[in-house]
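# An overview of the molecular structure
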Amino acid sequence: MNSGMLLVFLIGIVLTAQAQKETSKKWNFIVEPYMMFPYMSGETGIRNLPSVNVDADPGDIFSRLQIGTMLYLEAKNDSWAITSDLLYMDLEQDATPTTVINSGKVKASQLGYELTGL
């Protein structure tokens, strides 16, 4: 884990602990950056080109990660809660030359966002 990711993780722990200490009827807020270790397995293809098998463990994915963000936000009081979860990942890799593909880059992005009211 690099120092930037560790710093974000520790800030999230401190903010969460401070938010959980307050028990009044005021709004309480939690900001939690988090991290997961993804694994991808399957098959991908482009139009009529032959399909390619995908088998990537967390080390493979992190070595190709251009940018990644995972953030959970929560605002709550005794009656209501509003939560939000954001996930963004941008991966990039040079294509391996084959008889069909001479050169190139493969790029994949993923965005997930959730907003909840309770």
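Cut-offs used in this document
Numbers given for residues are sequential positions, taken from 1 along each chain in its written order. Per-residue local features are limited, in this predicted model, to residues with pLDDT of at least 70; the limit for side-chain atom pairs, both in listing and counting, is 80 or more; totals at the level of whole chains, interfaces and linings are taken over all residues. Derived side-chain values reflect all non-hydrogen atoms in the structure, with water molecules and hydrogen atoms excluded from consideration. A pair of strands is considered paired only if DSSP assigns at least 2 bridges between the two. In DSSP terms, a helix is any run of H or I states spanning at least four residues, a strand is any run of E spanning at least two, and both are numbered starting from the N terminus. Every axis in this analysis is a line fitted to C-alpha atoms, fitted for helices over the stretch in contact. Angles between the N-to-C directions lie between 0 and 180 degrees. A residue counts toward a patch only above 30% relative accessible area and without a salt bridge, and it is joined to like-charged neighbours within 9 Å or, for Val, Leu, Ile, Met, Phe, Trp and Tyr, to nonpolar neighbours within 5 Å. Surface exposure here means Shrake-Rupley accessible area, sampled with a 1.4 Å probe, where a residue is shielded only by the protein chains that are shown. Salt bridge criterion: a side-chain nitrogen from Lys or Arg within 4 Å of a carboxyl oxygen from Asp or Glu. Exposure categories follow from relative accessible area, calculated using a 1.4 Å probe and restricted to protein chains: below 20% of the type maximum is buried, above 50% is exposed, and the middle band is partly exposed.

### So, the sheet that holds strand E4 (residues 65–76)
Consider a sheet: its strands pair through backbone hydrogen bonds, and that pairing is either parallel or antiparallel. The 4 strands lie next to each other as E1-E4-E5-E6, forming an open sheet whose pairing is antiparallel. At either end of the open sheet lies a strand with only one pairing partner, and these are strand E1 (28–33) and strand E6 (105–117). Across the sheet, the mean angle from the axis of one strand to that of its neighbour is 5 degrees, orientation sign disregarded. In the sheet, strand E5 (residues 81–94) pairs with E6 via 13 bridges, with the strands oriented antiparallel. Looking at E6, one finds that Met 89 is bridged to Gln 110.

### Re a nonpolar patch on the surface
On the surface, a nonpolar cluster with roughly 740 Å² of combined accessible area is contributed by Trp 27, Phe 29, Trp 80, Ile 82, Tyr 113 and Leu 115. Inspection of the secondary structure assignment puts Ile 82 in strand E5.

### Description of unusual backbone geometry
For Arg 47, which is not glycine, the phi dihedral falls at a positive 40 degrees. Turning to its location among the elements, Arg 47 is positioned in the loop between strand E2 (40–44) and strand E3 (52–56). For Arg 47, a relative accessible area of 83% puts it in the exposed group.

### Focus on the environment of Leu 86
Looking at the element boundaries, Leu 86 is found in strand E5. Given a relative accessible area of 28%, Leu 86 falls into the partly exposed group. Placed 53 residues apart in sequence, Leu 86 and Pro 33 show a C-alpha to C-alpha distance of 9.4 Å.

### Thoughts on the pairing of E4
Pairing of E1 with E4, which is carried by 6 bridges, proceeds in the antiparallel orientation. Among the inter-strand pairings, Pro 33 is bridged to a residue of E4, identified as Leu 71. In terms of strand pairing, E4 meets E5 through 11 bridges, oriented antiparallel. Across the sheet, Lys 76 pairs through a bridge with Ala 81, a residue of E5. What sits between the antiparallel neighbours E4 and E5 is a turn of 4 residues.

### Brief notes about the environment of Pro 33
With respect to the helices and strands, Pro 33 occurs in strand E1. Sequence separation of Pro 33 and Leu 71 is 38 residues, and the distance between their C-alpha atoms is 4.3 Å.

### Considering the pattern of salt bridges
Per the counting criterion, the structure on display carries 4 salt bridges. One salt bridge in this structure joins Lys 105 and Asp 94, with 3.9 Å as the shortest N-O distance. With Lys 105 in strand E6 and Asp 94 in strand E5, the pair connects residues that are 11 residues apart, well separated along the chain. The burial state of Lys 105 is the same as that of Asp 94; both residues are exposed.

Interpretation in functional terms is not warranted from these geometric data alone.
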